[in-house]
Structure formats: C-alpha cells, structure tokens
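Structural features, examined
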Amino acid sequence: MSKITDSANGEECQVRIPFVCSGDSRTVVWAHAIGEASGKGIGMKSPDILGAYACQQCHDAYDRRTRPPGIVYSRIKECFNDGHMRSLRILIEKGLVKC
C-alpha cells in the first residue's frame, strides 16, 4: 500500500453522497477513481492521486456495487469529484502531496 492509501485510516468520508453516506470513519478507505479518463482499465487501478476518502457505502455506490434508489449516477460522480478535491486538500495538509 502507498502512503496515500494508508492515510485513509481514521479519516472522515469526503464523498458524502446524500442518503448514502454512513459517516462511519471506521470504514473509510482510499477509493480510486473509475473510468477511462482516470486511467482505470481491466485489471488496472487509477493512480493513487486520483481518488478520495470514502466510507464503504459511498465507495460501493461510486463503484456501482450498489444502486441507491432515487439517486442518479451523475450525482454520485459529482459527489466523488467534490470528495476528490476535499481529499486532495487533506493530502496537501498532511504533506503527502506537494503543490
């Protein structure tokens, strides 16, 4: 594991999908971005820098392992992108990413 993925231990969820997010910091992991633009492919994860701190429920919704009723996927992606920005700020504060 990298320093970025290790840094998720004890963090708060930054993805915060409404009516999905558990707010349980015990389940937070570093969730990698998905999709062609992030470089993810079959058997490949996107680079660690392209991710966000996400609780298990938000991570599952983003990775489409669950389908929350009443929430369109574009809203889930928007929440992930906002969470990515918040997570980057935390990584900068921790000194794990340099500007």
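The sections below set out a description of the structure shown in this document. Source: prediction; values computed, not measured.

Topic: the overall build of the protein chain
Looking only at helices and strands, the protein chain features three helices and two strands. Written out in order from the N terminus, the α and β elements of the protein chain read α-β-β-α-α. Scaling as 2.2 N^0.38, a compact globule of 99 residues should have a C-alpha radius of gyration of about 13 Å, and the protein chain matches this with 13 Å. Along the three orthogonal principal directions, the C-alpha set of the protein chain runs to about 40 × 30 × 20 Å. Every one of the 99 residues in the protein chain was classed for burial, and the buried ones make up 39%. Across the protein chain, the fraction of contacts at a sequence separation of at least 24, relative to all contacts at a separation of at least 6, is 66%.

So, the pattern of salt bridges
Throughout the structure, instances matching the rule amount to five salt bridges. Salt-bridge contacts for Asp60 lead to Arg65; the nearest nitrogen and oxygen are separated by 2.7 Å. Each of Asp60, Asp63 and Arg65 takes part in salt bridges that share partners, so that together they form one network.

Notes on helix α3 (residues 73-94)
An α-helical turn contains 3.6 residues, so any two residues separated by three or four positions project in the same direction. Taking 1.5 Å per residue, 22 residues should reach 32 Å; α3 reaches 31 Å between its end C-alpha atoms and fits that length. Residues of α3 that are buried in the fold lie against α1 (3-6), β1 (29-32), β2 (51-54) and α2 (56-62). Immediately beyond the C-terminal end of α3, within one or two residues, lies Gly95, with a positive phi of roughly 80°.

Points about the nonpolar core
Nonpolar side chains tend to gather and get buried jointly when the protein is soluble and globular. One finds Val15, Ile17, Tyr53, Cys58, Phe80 and Leu91 to be the most contacted residues of the largest nonpolar core, which totals 25 residues. Setting aside its immediate chain neighbours within four residues, Val15 contacts Ala52, Tyr53, Ala54, Cys58, Cys79, Phe80, Gly83 and Arg86.

Quick look at the environment of Val15
Tracing the sequence through the fold places Val15 in the loop between α1 and β1. As a C-alpha pair, Val15 and Asp82 span 67 residues in sequence and 6.7 Å in three-dimensional space.

Comments concerning unusual backbone geometry
Within the chain, Phe19 stands out as a residue other than glycine whose phi angle is a positive 65°. With respect to the helices and strands, the residue Phe19 is situated in the loop between α1 and β1. The phi angle at Arg64 is positive, at roughly 65°, despite the residue not being glycine. You can see Arg64 is positioned in the loop between α2 and α3. Residue classification places Arg64 among the partly exposed residues on the basis of a relative accessible area of 41%.

Here's the deal with the environment of Ala61
Relative to the helices and strands, Ala61 is located in helix α2. Taking C-alpha positions, Ala61 is 9.9 Å from Phe80, a pair spaced 19 residues apart along the chain. The residues contacting Ala61, other than those within four sequence positions of it, are Ile17, Val20, Thr66, Pro68, Tyr73 and Ile76.

What counts, and at which threshold
- Residues numbered from 1 in each chain as written.
- Predicted model: local features only at pLDDT ≥ 70, side-chain atom pairs only at ≥ 80, totals over all residues.
- Heavy atoms only, no water.
- Helix = DSSP H or I, 4+ residues; strand = E, 2+ residues; numbered from the N terminus.
- Rg over C-alpha atoms; globule rule 2.2 N^0.38 Å.
- Buried < 20%, exposed > 50% of the residue type's maximum accessible area, 1.4 Å probe, protein only.
- Contact = heavy atoms within 4.5 Å.
- Salt bridge = Lys/Arg side-chain N within 4 Å of Asp/Glu carboxyl O.
- Expected span 1.5 Å × (residues − 1).
- Core = buried A, V, L, I, M, F, W, Y, C linked by side-chain atoms within 4.5 Å.

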